[in-house]
Amino acid sequence: MATGAQLWVKADGSSLKYIWQKFNNETKLFEEFVPAAGREISGLETGTLTFDNLLMEDNGVYLCKIENACGSVTTDTFSLSVGGVQYLQKHSLPHSRST
């Protein structure tokens, strides 16, 4: 059984800034993803977000906003299902393509 997961994006350009976001079901918005203290999650400032040990709290919908001096682009969403919970069937998400 897998205990980790990776979400990744590929972008070309110089001085790229990656901002991973997670959908907040209370505010109904995507917000910058900040792991809880002590969590083993790497790549927050890269194109590969790595969860070493998945927890139920990691279940949800993520996206990545990529910025540089020329502008920004937002990826499509990633659905991370932990423990068989199907997040997208339970929650209505806003359109996430605006930059």
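No experiment lies behind these values; they were computed from the predicted model shown.

### Looking at the packing of aromatic side chains
Scanning the model with the defined rule gives five aromatic pairs in all. Where Phe-33 meets Phe-51, the ring centres are 6.0 Å apart and the plane angle is 40°; that geometry is what we call tilted. On the criterion of sequence distance, the pair formed by Phe-33 in the loop between strand 3 (29-32) and strand 4 (41-42) and Phe-51 in strand 5 (residues 48-51) is long-range, its members being 18 residues apart. Judged by its relative accessible area of 10%, Phe-33 is buried. Put simply, the rings of Phe-33, Phe-51 and Tyr-62 touch in pairs and so form one group of aromatic residues.

### Let's talk about the pairing of strand 1 (residues 5-8)
Burial along strand 1 is one-sided: Ala-5 and Leu-7 are buried, and none of Gln-6 and Trp-8, which face the opposite way, are. Strand direction decides the pairing type here: strand 1 and strand 5, joined by four bridges, are antiparallel. Directly across from Leu-7, in strand 5, lies its bridge partner Leu-49.

How each quantity is defined
- Residues numbered from 1 in each chain as written.
- Predicted model: local features only at pLDDT ≥ 70, side-chain atom pairs only at ≥ 80, totals over all residues.
- Heavy atoms only, no water.
- Phe/Tyr/Trp six-rings, centres within 6.5 Å; stacked < 30°, edge-to-face > 60°.
- Helix = DSSP H or I, 4+ residues; strand = E, 2+ residues; numbered from the N terminus.
- Buried < 20%, exposed > 50% of the residue type's maximum accessible area, 1.4 Å probe, protein only.
- Pairing = 2+ DSSP bridges.

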